Each structure stands twice: as structure tokens, then as C-alpha cells.
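Spelled out, the chains give:
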Amino acid sequence: MSDETLRVAVVGAGIGGLAAAMALRRAGLDVDVYEQAPELSQVGAGLHLAPNGARLLHRFGLQERLREVAVRPQAREVRLWDSGLAVERQPMGAAREAEYGGPHYTVHRADLQRILADQLPGGTVHLGRRLVGYEEDADGVRLDFEDGRSGRADLLVAADGVHSVVRRKIAGAETPVWSGTAAIHGVVPLERLPALGGQAAETMYAWTGARERLLAAPVRSGRELSFVAVVADAADRGDSWTRRGDGRGLAEAFAGWEPAVRELVGAVAETGHWSLYDRGPLARWSTSRTTLLGDAAHPMLPDHGQGASQAIEDAVALAGFLRREQAGPGRVAAALRRYEELRRPYTAAVAEDARAGAPQRTGRSGAQAPQTPQASTDAAVDAAQALDAVDRVQRYDVVAAVTEAASAELNAGARMYQEFLSAHDILRRGTELVADSFQCLTDGAAVDIPVLVWTAGWLVELTHHHHTSEDDLFWPVLRELYPQAGAHFDTLKDEHEELNAELDALQAAVDELAALGPLATLASAGRPAREGAAAARRVQKVLAAHLDTEEPVVRDLFPGVSGSEIDRLRKAILAGGPQGGGHMVFGLLEDPVLARGYDLLVENFPPAVHAARPQLIEQYRQVVRDLGLGAR
């Protein structure tokens, strides 16, 4: 493990990958991006950058760059397929920005990709590097590329789409469901579309029929109109985004539609064909050093136009959880777990909303649905309602969600820290009570020796077990998670050895007293009593010093504690042990008798009792009577 800045390898230089690289760099991490294409191409179509995504890019200071190339539509229209009648026209622009705290942009994919790439230093993006395999090990991740080269990183982020090598390795074999439809996309200069008039440079359109629909939006400062036409697909040919479309087939699909639609599909020079496949949410996104992002994690049907915005949200969330982390696997795994816990259920819900809004799922649409006036009107109403359904998604603030998650962990960490202090305080007070009891015996007081033997032996076993658990489980994990405290760990190890030696001395005195039996006289018990009192005082002293050493480490660590290692710690040390059945603090207390003895010790020996030794002895006797232990 290294104390150096975390090194992240991002695979894929699409919108999600570049956004992740930008966010991670600004969070203080070292990032390299590997892209299989030989260049960042200008091909593609337009996309929607909804307010939830736009707000995040504004946070990164990209407002001016976006306004240079993107469009902030002033309205959106839902039109009937045959007449072009608008069944809804909703204002956007400034009104929408005021409502959602950010604009809705329509932007060409290549323009947004270039803006994001420009935020990265030269040499960050490595082109022509197709990932074909990877392996995790104790020191990080090894990446293997098709050209025979390899690379290393502390963390691998797969943002290379639904066919990601990493996704296949994490998720295993999948069987996507072919929808029977395809999205045909293209871009047309607005000068070739006179039927739409001047408003086309600032309007989003949706034409809906019973079987097909066509969505269009201006891009490139209003000079071009990008469209996606959803049509019946002829065959199940795989879900490649880069397949060339059939312009003649597109024109035939919309032959009977209103003039503006026929003009649009007839003017496009080149189209892409994307067969639409539906995939359910993955059971997991991450391993200890690898995670998924964007379409590699949660591919979505295009109906809500949230693909880019959700990938950007992923990027910001991942950077938020990884901020200032070291390269150790414990911390990386914990951050990835938090990222996945926040994003996986949320994106699954967004994908389900898109799935529910898709025409192939409505029951009224499909290749065999009749193109009747009523069916067309129903489809138009469905489209308007689907647009309204994204309201919740567009209001979502991922930065606030990350902050809330971090605050919850901080509060949980504070509670864990209080339990940690409470555990040590109980040990300290219990040892003081045992020391007082030995001193009572040394001073000639009438002490029930079997009761003292049992109680002292119980405390020795408890203390020894607690700190042995730390040696075996607690501190190795903390050493991994908190590398800056290396000097503290050496001190802690020495203190544990000293504590165990003093506990052995105390146990020897207890054993000698036990050997005397119930007929022991005060005279015969004098020497082991003095040795027991002295050993107990030494244990007290070591415990106090030990807590002073542990406290700053634990105080700094617990606010960020998470992950499977700490969950295991919480169960083993702070939640009664891996087998349960005990107390919330010590794993030893699986025996209900010992657990009850612990509770009674805490309840019956408040600090005020320390000054009253006769009462102390009576309390010991009461513990034994309550437990039914007799002269144990």
C-alpha cells in the first residue's frame, strides 16, 4: 500500500469517462483515461443535458463553454404525427432554469465531449488503447490492452459502455431483452428545414404516432437539428450504437407523416442505427478496486434523455467519495461501496421510469398497433405525461446526496467512537474495582474470596480477550485504513504486550487465591492479595496510557469508517462478536452469564461506590447471588 495520491484508470473517453476524469482530478486524484478509438471523433448526434446534469457542469465552471455550442431551448412541443397539431407547448428557457436551478441544454455529443476533454491536461487521454483484460492484486489493478501494452492503477473505473469488459467480468453473462424497436439518429442543418420555420433553432419537438415517434432538438448554437426516430426494428442484430442506418427505410417509415417530419427525414445525409435492448439493474457494480460508471453500470432506454446527466452524476458522486483517499484497498473499497450504495438503487429507479415510459411497454403501441386518430392522440398524451415524469429526476441534487451520506457516516462514526471510549472506560473502572477489592483483602477486611476470584478472573479474561481481538483484527485493519498513524501502531503494539504481561500477573494472583479455596485465612491470602492489588494497579496504568495512544487514531478514523472490514469489526468488537448472543461491546460475551455479569458490573458499580469498600464487597456478593453462581 502507498501513501501517495490515488491513481485512477478510467476506461472510456465518452461523456461519462471524461466527466469522471475531470471530477476525480479536481478532487485531487491522479487520472489516466484509456480510449479504444484512435481519435475523439466528431460523429454522433445530439443529446439532452437536463438541469440535474447542467448544474453539475456549471459547478465546474463550464457555463460559457456550454453556451458557445449548446442550445437552451425556449419551448418544447408535442405534436400529432399526421397533422402536426401541437397538443402541448411548454415554456423552457429562463423559466425552466429558475424552476430547476439550471438550464436544459441540447448539445451535440462531440461538442460536449470536446469541452470535457479540454479540462484535462495533455497526456491524460490515451487513444487507441482497447482494454481486453484486467487483474486486481494487493497493490492495485493491472490493465491489459489489445496492442500488448499494460498499465497499473490503484483503481479502475469502467466507463466504456454496455459492452465493457469490466462490466462482463463483474456482472457475468447477461441476456438483454430486444425491444423490437430501433433508434435511428441523425443531424440536419436547419437551413435545409424551412417547414419548421425560425422557431426550430430554439424548440424541442416530439412527434408521436401509435407505432413510431420522432424527437428533435437544436444543437450547435441552433445551426443544426438533431433527431432520434424510434421505429420498428427488422431483426435482432445486436445493440451497436455505431451501425449505419438505412435512410430509405427511414423515409418509408414516416412517409405518411406531416410535411415537417418528411422534410426532416428526407434531408438527413447519414444516419446511425441503434437497436434498443432492455437490461435490468445489476446486482453489483464494484469490487475492492474496480467499479462501473454511466452506461457500463446502468444502460437506459433513451425515452427520458437522462443518459448523459446520469453519467455526470455518477462521476461527481464517485469523486466525492474518493476525495483525498489514500491508495490502500480498504479505503478504496469503502469509497466504492458508498458510491454504489448511493447510485445503484437511484439509477435503477431512473431506468425503470424510462422503461415504463417507452412505447413498447405501454400496451397500446408496437409494430402491429393501428395508426388511428385516437391511438395517435393517446400516444401524444402519453408523451406529454412522460416528459412531466422526469421532473423528480431533474430536481435531484447528487452533491447534496453525497453530503448527506457523508454526514450520516460521520454521525455513525461519532457513535462508534463513543462506544469505543465507553468500552475502555468500563475496563478501567472494572480494573479499579478489582484493585480495590484486593486492597480490601490486604487490609484485613472480610472478603468473600470465591466471589473476588470469580469477578477478577472474569475481568482479566474480558480485558485480555478485547485487546487480543484488537491485535488479531482491529489494528491490522486500522493500519491499512489509516496509514498516517504508523508510529501510533508501534506504540500500541508495545502497550498491548505490556498489558498482556500485567494481565498474566493479575491472573496468577487470582489463580493462587483460587487454589486456597473457601477455607483460606486472611493471613494465607495476604501475599496473593498484595500481588493482585499491585498487578491490577499496573493494569489500570497501562490501560490509561493505552487509551491516550488509541484515542487520536480512533477519533480521526471513525468518521470515515465503512466497508466490509469495519462491518466485521463492528460485529466482532462493538456488537457482541461474530456469533452474537453477547453484549454490544465485547466479542467475548457470547456466554449469557458473562454478559449478565458485565451488565451488573456497570449497573452496580458507579463511580461513587469506589469510595465505599464495604458496599463494594456487598455488591460483589449481590452479583454472585443474582447470577446464582454460589461459591464459584
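So, here's what we can say about the structure. (Residues numbered from 1 in each chain as written. Predicted model: local features only at pLDDT ≥ 70, side-chain atom pairs only at ≥ 80, totals over all residues. Heavy atoms only, no water.)

Topic: the overall build of the chain
A count of helical and extended segments in the chain gives 19 helices and 18 strands. With 632 residues in all, the chain has 53% of them scored as buried. Sequence separation of 24 or more characterises 76% of the internal contacts of the chain that already satisfy a separation of 6 or more. Accessible surface, the chain as shown: approximately 25900 Å² in total, 51% of it carbon and sulfur. (Helix = DSSP H or I, 4+ residues; strand = E, 2+ residues; numbered from the N terminus. Buried < 20%, exposed > 50% of the residue type's maximum accessible area, 1.4 Å probe, protein only. Contact = heavy atoms within 4.5 Å. Areas by Shrake-Rupley, 256 points an atom, 1.4 Å probe, with all protein chains shown as cover.)

Regarding the nonpolar core
Of all hydrophobic cores here, the largest spans 78 residues; its most connected members are V8, L24, L57, L116, L143 and L292. Considering each element in turn, this core owes the most residues, 9 residues, to helix α9 (residues 307-322). Apart from residues no more than four positions distant in its own chain, L292 is found in contact with A158, V166, R167, I170, L282, W285, A297 and Y339. I184, F254, A260 and V268 belong to the second largest nonpolar core, which has 25 residues in total. (Core = buried A, V, L, I, M, F, W, Y, C linked by side-chain atoms within 4.5 Å.)

Quick look at the environment of R26
Position of R26 among the secondary structure elements: in helix α1 (residues 15-26). Separated by 293 residues in the primary sequence, R26 and A319 have C-alpha atoms spaced 8.3 Å apart. Among residues more than four places away in sequence, those in contact with R26 are F60, Q119 and R323.

Focus on the pattern of salt bridges
Applying the stated rule across the entire model yields 27 salt bridges. Here R395 and E99 are joined by a salt bridge, their closest N and O atoms 2.8 Å apart. Residue R395 is located in helix α12 (residues 391-395), and its partner E99 is located in helix α4 (residues 93-100); the two are separated by 296 residues in the primary sequence. R395 is the partner of D391 in a salt bridge, and the nearest nitrogen-oxygen pair spans 3.0 Å. Here the residue D391 and the residue R395 both occupy positions in helix α12, the gap between them amounting to 4 residues, near one helical turn. Taking the relative accessible area as the measure of exposure, R395 reaches 39% and is therefore partly exposed. A network of salt bridges, in which partner residues are shared, links E77, R79, R89 and E258. (Salt bridge = Lys/Arg side-chain N within 4 Å of Asp/Glu carboxyl O.)

What about unusual backbone geometry?
Positive phi is not limited to glycine here, since R220 has a value of about 50°. Position of R220 relative to the elements: it lies in the loop between β14 (213-219) and β15 (224-232). Of note in the backbone geometry, S221 takes a positive phi value of approximately 60° without being a glycine. Mapped onto the elements, S221 comes out in the loop between β14 and β15. Relative accessible area serves as the criterion here: at 37%, S221 is assigned to the partly exposed category.

With respect to the side chain of S286
As for its placement among the helices and strands, S286 is situated in the loop between β17 (272-278) and β18 (290-292). On the accessibility criterion, S286 (10% relative accessible area) is buried. Only 2.6 Å separates the side chain of S286 from the side chain of T291, close enough to count as a polar contact. Each residue touching S286, except ones within four places of it in the same chain, is listed here: I170, T291, L336 and E340. (Polar contact = N/O pair within 3.5 Å; in protein donor to acceptor, adjacent residues only side chain to side chain.)

With respect to the packing of aromatic side chains
With the rule as written, the count across this model stands at 6 aromatic pairs. For the ring pair Y346 and Y396, a centre distance of 4.0 Å and an interplane angle of 15° mean the geometry is stacked. Note that Y346 is positioned in helix α10 (residues 329-357) and Y396 in the loop between α12 and α13 (398-442), a separation of 50 residues in sequence. A residue is classified by how much of its surface remains accessible, and Y346, at 12% relative accessible area, is buried. Relative accessible area serves as the criterion here: at 17%, Y396 is assigned to the buried category. Three or more aromatic residues joined by ring pairs make a cluster, and in this case those are W81, F254 and W257. (Phe/Tyr/Trp six-rings, centres within 6.5 Å; stacked < 30°, edge-to-face > 60°.)

Topic: the sheet that holds strand β9 (residues 140-145)
Pairing within the open sheet is antiparallel, and its 3 strands lie in the order β8-β9-β10. Pairing within the sheet leaves two strands with one partner each, and these edge strands are β8 (131-137) and β10 (150-153). Averaged over neighbouring strand pairs, the angle between their axes works out to 20° when direction is ignored. (Pairing = 2+ DSSP bridges. Axes fitted to C-alpha atoms, helices over the stretch in contact; angles between N-to-C directions.)

Regarding the sheet that holds strand β7 (residues 125-126)
Strand pairs in the sheet, formed through backbone hydrogen bonds, run parallel or antiparallel to each other. Sheet architecture is open: 5 strands sit in the order β7-β2-β1-β11-β18, paired in parallel fashion. With partners counted over all chains shown, the strands left at the sheet margins are β7 and β18, one partner each. The pairing of strand β11 (residues 155-158) with β18 spans 3 bridges and is parallel. Counterpart to L156 in the pairing with β18 is T290. Contacts from α1 reach β1 (7-11), β2 (30-34) and β7 within the one sheet, and its direction differs from that of β2 by about 170°.

Describing helix α2 (residues 51-59)
Counting buried residues along α2, 8 of its 9 residues qualify, which places the element largely inside the surrounding structure. Restricting attention to buried positions, one finds in α2 the residues P51, N52, G53, A54, R55, L56, L57 and H58. Following α2 by one or two positions, G61 adopts a phi angle in the positive range, close to 80°.

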